[in-house]
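Topology and contacts: notes
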Amino acid sequence: MVRTGNCLGGDDPVLPAPDAQNQKGLRDVKYISTRGNAPELSFEEAMLTGLARDGGLYVPESIPTLSAEEIAGLAGKSYEEAAFVVMRPFVGDAFTDEEFKGIIARAYANFRHDARAPLVQLAPNHYLLELFHGPTLAFKDFAMQLIGQLFQFSLARRNERVTIVGATSGDTGSAAIEAFRGLDNVDVFILFPHGRVSDIQRKQMTTPEDANVHALALDGDFDDCQAKLKDMFNDFDFRDGVKLAGVNSINWARVLAQVVYYFTSAVSLGAPYRKVSFTVPTGNFGDIFAGYIAKKMGLPIDRLVIATNQNDILHRTMETGAYTKEGVTPSISPSMDIQVSSNFERALFDAYGRDGGAVAQLMEELKDGSFAISQGAMETLREHFDSGRASEEETNATIASAFTATSEVLCPHSAVGVKVANAYLGEVPMVTLATAHPAKFPDAVEAAMGARPALPPHMADMMDKDERVTRVPNDLGALEALIKERIAQR
């Protein structure tokens, strides 16, 4: 295995031309809804709001770009320095440079790898991007630690208090709790599907003792959790009464934070002098959409490959042009057991020429279980995205073969990515995102390769800790009543 840092390499190519779109001024950043019927907001307002009041997701009115020279200038910089360069154009005047640099520094101070997101070489032209060196051992830490610091800074200076409700298929919840636990001006409620997350994922959510965090085990699957979250946002009396805020990947700040590691890894492999491709195991489409934003910013990405498990709605959509829910089958990669991929709405918004009315119509049709994507929109999506799926058997085989060939231990989600990526290997370097530490899924990994991955030393006693969890029905009224009651007790 070869681990790489930030260094440019390759032949003596010509720098690619920058995107024709000019970067907007820092004081002129506006965010609009994908459904076209909500007020324009600043970065800070969009971050604190989460879901738009028309049910849509906030996106930048236009995408700032970085020149080839600016991208090349990321070589040799620390992750925090690169993060500032990549994210600063989206923030506008919400924070001064020094304030934003301090927020970024605090966000990544507790990561346990100096590179934050190191690359590991798996095979010729195939690299693994390790995104599990944060506090909760999953890629969600990159976004959640940042958004925790952003919220803390903004709320403190506004002297405001908010209620954060999140839905998780496993990793978002623990990352959110870790980011917001103990804060005086935030109450955090995390919905997760009862019996459908790994033991480690559950323990990470249920063992913190801080009074402001609440783990709620919902009777249902992740899509039920996500639906209840959106229902709360669309209940404006409740939303306004508890000052509801969202930190799921519906929150633009989450997506923005994930854009950074596309730049750092690509520059390590020669960008902007050479193209790089990425394969992303994804269920909710947020992580791969961040790659799309990186491409729109000027990063020379060749292909973005969507990797799905047996719950392959995104792969089927890319093949057929029809987004059709077929129910969720529990798998060994539970964070991908999703049928309603919220962030796909952001991709559809661009594919339909940023027509909010068209997107709103599609989302209305989805209430009946499916919608058909127009031929023109599908052509646009296929310009940027490829896709593939991995069965349970193929995922197990990939875990075993990767360990035999490289000694790299893959979590089931990362293994899905590696399996799908193998079909797209070629002359362009391929980076597969490793989204979680294998010890978060010890039973699945042990079954696949015959050895049980150990938790890092700082988490070794987690399984012995007492749990604080409330089992809740799949009922909006009951959930809202519980949240109001808990807030009143604080």
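Just above, that's the structure.
Cut-off values and rules
Residues numbered from 1 in each chain as written. Predicted model: local features only at pLDDT ≥ 70, side-chain atom pairs only at ≥ 80, totals over all residues. Heavy atoms only, no water. Helix = DSSP H or I, 4+ residues; strand = E, 2+ residues; numbered from the N terminus. Rg over C-alpha atoms; globule rule 2.2 N^0.38 Å. Buried < 20%, exposed > 50% of the residue type's maximum accessible area, 1.4 Å probe, protein only. Contact = heavy atoms within 4.5 Å. Areas by Shrake-Rupley, 256 points an atom, 1.4 Å probe, with all protein chains shown as cover. Lys, Arg positive; Asp, Glu negative; His and termini not counted. Charge placed at Lys NZ, Arg CZ, Asp CG, Glu CD. Salt bridge = Lys/Arg side-chain N within 4 Å of Asp/Glu carboxyl O. Axes fitted to C-alpha atoms, helices over the stretch in contact; angles between N-to-C directions. Parallel < 35°, antiparallel > 145°, perpendicular 65-115°, else oblique. Left-handed = near helix turned anticlockwise from the far one by under 90°. Polar contact = N/O pair within 3.5 Å; in protein donor to acceptor, adjacent residues only side chain to side chain. Pairing = 2+ DSSP bridges. Arc of directions from axis to C-beta. Core = buried A, V, L, I, M, F, W, Y, C linked by side-chain atoms within 4.5 Å. Phe/Tyr/Trp six-rings, centres within 6.5 Å; stacked < 30°, edge-to-face > 60°. Lys NZ or Arg CZ within 6 Å of the ring centre and 35° of its normal.

**Description of the overall build of the chain**
If you tally the helices and strands in the chain, you get 19 helices and 16 strands. At 21 Å, the chain has a C-alpha radius of gyration in line with the 23 Å of a compact globule built from 490 residues. The dimensions of the chain, computed from C-alpha atoms along their principal axes, are 65 × 55 × 45 Å. The buried share among the 490 residues of the chain stands at 61%. Taking the contacts inside the chain whose residues are at least 6 apart along the sequence as the reference set, 77% of them involve residues at least 24 apart. Accessible surface computed for the chain: about 17,700 Å², of which carbon and sulfur atoms make up 46%. Distance between charge centroids for the chain: 3 Å, based on 46 positive and 65 negative side chains.

**Overview of the pattern of salt bridges**
Scanning the entire structure with this criterion turns up 25 salt bridges. Among the salt bridges present, the one from Glu345 reaches Arg35, with a minimum N-O distance of 2.9 Å. Of this pair, Glu345 sits in helix α13 (residues 344-351) while Arg35 sits in the loop between β2 (31-33) and α1 (43-49), and the two are 310 residues apart along the sequence. Assessed through its relative accessible area of 21%, Arg35 is described here as partly exposed. In this structure, Asp187 and Arg161 form a salt bridge, with 2.8 Å as the shortest nitrogen-oxygen distance. Taken as a pair, Asp187 in strand β7 (residues 186-193) and Arg161 in the loop between α5 (140-158) and β6 (162-167) lie far apart in primary sequence, 26 residues in all. With relative accessibility at 1%, the residue Asp187 sits in the buried group. A relative accessible area of 31% places Arg161 in the partly exposed class.

**Section: the packing of helix α4 (residues 97-107) against α5**
Across the interface, α4 lies against α5 with an axial gap of 8 Å and an inter-helix angle of 135°. Taken as axis vectors, α4 and α5 run oblique relative to one another. As α4 runs across α5, the sense of the crossing is right-handed. The residues of α5 that touch α4, namely those facing Glu99, Phe100, Ile103, Ile104, Arg106 and Ala107, are Gln145, Leu146, Gln149, Leu150, Phe153 and Arg157.

**Considering the environment of Thr34**
Secondary-structure assignment places Thr34 in the loop between β2 and α1. Each residue touching Thr34, except ones within four places of it in the same chain, is listed here: Gly56, Leu57, Val59, Glu345, Arg346, Phe349, Gly356 and Val359. In terms of polar contacts, Thr34 uses its side chain to reach the side chain of Glu345, at 2.6 Å.

**Comments concerning the sheet that holds strand β16 (residues 470-472)**
Pairing is parallel in the open sheet, where five strands are placed in the order β9-β6-β7-β8-β16. On the outer flanks of this sheet lie β9 (244-245) and β16, each paired with one strand and no other. Examined bridge by bridge, β6 and β9 share two bridges and lie parallel to one another. Note that in β9 the partner of Thr163 across the bridge is Leu244. Contacts from helix α7 (residues 199-206) reach β7 and β8 (213-218) within the one sheet, and its direction differs from that of β7 by about 160°.

**Considering helix α18 (residues 442-449)**
If you check which residues of α18 are buried, you get Pro442, Ala444, Val445, Ala448 and Met449. Down the axis of α18, the sector holding all buried residues measures 165°, keeping them to one side. Looking at the buried positions of α18, the neighbouring elements they touch are α7, α16 (392-406) and α17 (412-422). Looking one or two places after α18, you find Gly450, whose phi comes out positive at around 85°.

**A closer look at the nonpolar core**
If you look at the biggest cluster of nonpolar residues, it comprises 118 residues, and the most contacted ones within it are Phe43, Phe151, Phe180 and Tyr262. Apart from the residues within four sequence positions on either side, Phe43 is in contact with Val29, Tyr31, Phe90, Val91, Ala94, Phe95, Leu150, Trp252, Ala253 and Leu256. Membership of the second largest hydrophobic core comes to 22 residues, among which are Leu218, Phe222, Leu479 and Leu482.

**Observations regarding the packing of aromatic side chains**
Considering all chains together, one arrives at 21 aromatic pairs under this definition. Between Phe95 and Phe153, the aromatic rings sit 5.6 Å apart at their centres with planes inclined by 75°, giving edge-to-face as the arrangement. Of the two residues, Phe95 is situated in the loop between α3 (79-91) and α4 and Phe153 in helix α5; the sequence distance between them amounts to 58 residues. These aromatic residues form a ring-pair network of at least three members: Tyr79, Tyr108, Phe111, Phe142, Tyr261, Tyr262 and Phe278. Over the ring of Phe236 we find Arg53; its NZ or CZ atom is 4.3 Å from the centre of that ring. When the ring centre of Phe84 is taken as origin, the NZ or CZ atom of Lys101, which lies over that ring, is 5.0 Å away.

**Things to note about the environment of Arg181**
Examined against the element boundaries, Arg181 turns out to sit in the loop between α6 (171-180) and β7. Note: C-alpha distance between Arg181 and Asp224 (43 residues apart in sequence) is 25 Å. With residues up to four places along the chain from it excluded, the contact list for Arg181 reads Pro208, Glu209, Asp210, Asn212 and Val213.

**Let's talk about helix α12 (residues 313-320)**
Counting buried positions along α12 gives six out of eight residues, so the element sits mostly inside the fold. Burial in α12 covers these residues: Ile313, Leu314, His315, Arg316, Thr317 and Met318. Buried residues belonging to α12 abut β11 (301-308), β12 (322-324), α13, α15 (375-384) and β14 (385-389).

**So, the packing of α6 against α7**
Taken N-terminus to C-terminus, the directions of α6 and α7 make an angle of 30°; their axes are 8 Å apart at the nearest point. One finds that α6 runs roughly parallel with respect to α7. When you trace α6 past α7, the crossing you get is left-handed. Facing α6, whose interface residues are Asp171, Gly173, Ser174 and Ile177, α7 presents Gln201, Gln204 and Met205.

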